[in-house]
Amino acid sequence: MKKYLLLLFLFFGILSYSQSRDKKKEAKRHRKIVHTDSIVDKIQRLKDSITTTFPLTNSDKIYNDFSNNIDSLIRLQKEQKEKKKKQAIIRFAIGVALLVLLIVGLRRRKK
């Protein structure tokens, strides 16, 4: 009896969460783009207003700004590399010093 009740609940659960295919077809129908003359005119006016609003940029200025940004980025990366290298050398020196201290301590203990 418990098995039949469980199957009944599972079956109704599957039916209650399923979707019909009609909704998918309706959604596809609403995706169609309508090209009327008024919409095309509005889009063209919008494009024209955007081009007149934003002036054309100077490509030489953009190239110089870009190269300056790249140079500063490379300089920053070099500085960070140098800092990491110094930190690694300091850590290595501390490790060697502790190793020497350990060896000295173990030798004193044996005597």
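Computed from a prediction, not measured in an experiment: that's the story for all the values here.

Draft legend 1. Geometry of the overall build of the protein chain. For the protein chain, the count of helices and strands is four helices and zero strands. Ordered by position from the N terminus, the helices and strands of the protein chain form the series α-α-α-α. Residues classed as buried in the protein chain amount to 0% of the 111 residues present.

Draft legend 2. The arrangement of the confidence of the model for the protein chain in detail. Confidence in the prediction of the protein chain, expressed as mean pLDDT, is 80, and 77% of residues score 70 or more. Helix H4 (residues 59–110) holds the highest mean pLDDT among the elements of the protein chain, 90, whereas helix H2 (residues 22–30) holds the lowest, 61.

Draft legend 3. Structural detail: a nonpolar patch on the surface. Residues Leu5, Leu8, Phe9, Phe11, Phe12 and Leu15 make up a contiguous nonpolar surface patch of about 630 Å² in total accessible area. Position of phenylalanine 11 among the secondary structure elements: in helix H1 (residues 2–17). For phenylalanine 11, a relative accessible area of 49% translates into the label partly exposed.

Conventions adopted
- Residues numbered from 1 in each chain as written.
- Predicted model: local features only at pLDDT ≥ 70, side-chain atom pairs only at ≥ 80, totals over all residues.
- Heavy atoms only, no water.
- Helix = DSSP H or I, 4+ residues; strand = E, 2+ residues; numbered from the N terminus.
- Buried < 20%, exposed > 50% of the residue type's maximum accessible area, 1.4 Å probe, protein only.
- pLDDT = per-residue confidence, 0-100.
- Patch = residues over 30% accessible without salt bridge, like charges linked within 9 Å, V, L, I, M, F, W, Y side chains within 5 Å.
- Areas by Shrake-Rupley, 256 points an atom, 1.4 Å probe, with all protein chains shown as cover.
- Salt bridge = Lys/Arg side-chain N within 4 Å of Asp/Glu carboxyl O.

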